[in-house]
Amino acid sequence: MSDTKQADEAKEAKTAAKADRRAAKLAKQIGAFAKAHGGAEAQVAYIGEQGARIVLVGEDGGWGDLVAPTYAIAEAAVTKAGVTVHEDFDGEFAAKVTTGPYEWSRMAGIQVGGPSNSNT
């Protein structure tokens, strides 16, 4: 019985170490984004079995996102990166996002009668 307990503890430690490495990698990516955009703020959203989405908005209005395998890893990553985290993606935070012609074209292409984004 002691062997089973030790095996379970070893497995848990290995899983925790893997989660820490993933959070550190995401934090490094968040830091690089923040550096490239004059700072950054984030919002973490649970997306089901896929994990959690980290939406980043730079001080210059640039934006991007990352996906973490779990919500806990996403929270650890934004904490390690030291960015401001918002509860929701609305209000002043959402207003900081700037979009260009590419985004508007992609959004319009989804609508009936909008420009086509396919080669067909």
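Look a little higher up for the structure.
Below you will find a few notes about this structure. Per chain, residue numbering runs from 1 following the sequence as it is written. Residue-level local features of this predicted model are given only where pLDDT is at least 70; pairs of side-chain atoms are given and counted only at 80 or more, and the full residue set underlies all totals for whole chains, interfaces and linings. Side-chain metrics rest on all non-hydrogen atoms present in the structure, leaving aside hydrogens and water.

### So, the pairing of strand 1 (residues 40-46)
Burial classes: relative accessible area under 20% of the type maximum marks a residue as buried, over 50% as exposed, and values in between as partly exposed (1.4 Å probe, protein chains only). Each helix corresponds to a stretch of at least 4 residues labelled H or I by DSSP, and each strand to a stretch of at least 2 residues labelled E; elements are numbered beginning at the N terminus. Taken across its 7 residues, strand 1 has 5 buried, putting it largely inside the fold. Both strand 1 and strand 2 (residues 52-58) contribute to a ladder of 7 bridges, which runs antiparallel. Pairing of Ala42 across the sheet is with Leu56, part of strand 2. Should DSSP find at least two bridges between two strands, the strands are regarded as paired. Following strand 1, the chain reverses through 5 residues before pairing antiparallel with strand 2; Gly48 in that reversal takes a positive phi of roughly 85°.

### Describing the pairing of strand 2
Burial within strand 2 is extensive, with 6 of its 7 residues counted as buried. Note: strand 2 against strand 3 (residues 63-68), 6 bridges, orientation antiparallel. When the bridges of strand 3 are listed, Val55 appears paired with Asp65. Here strand 2 hands over to strand 3 after 4 residues, with Gly61 in that stretch at a positive phi of 95°.

### Considerations on the sheet that holds strand 4 (residues 84-86)
Taken in spatial order, the 4 strands of this open sheet run 3-2-1-4, and their pairing is mixed. Looking at which strands have only one partner, the edges of the open sheet turn out to be strand 3 and strand 4. Here the strands of the sheet are splayed against their neighbours by 30° on average, with no regard to which way each runs. Of the strand pairs in this sheet, strand 1 and strand 4 are connected by 3 bridges, and their pairing is parallel. Each bridged residue has a counterpart across the sheet, and for Glu41 the counterpart in strand 4 is Thr84. Every axis in this analysis is a line fitted to C-alpha atoms, fitted for helices over the stretch in contact. Angles between the N-to-C directions lie between 0 and 180 degrees.

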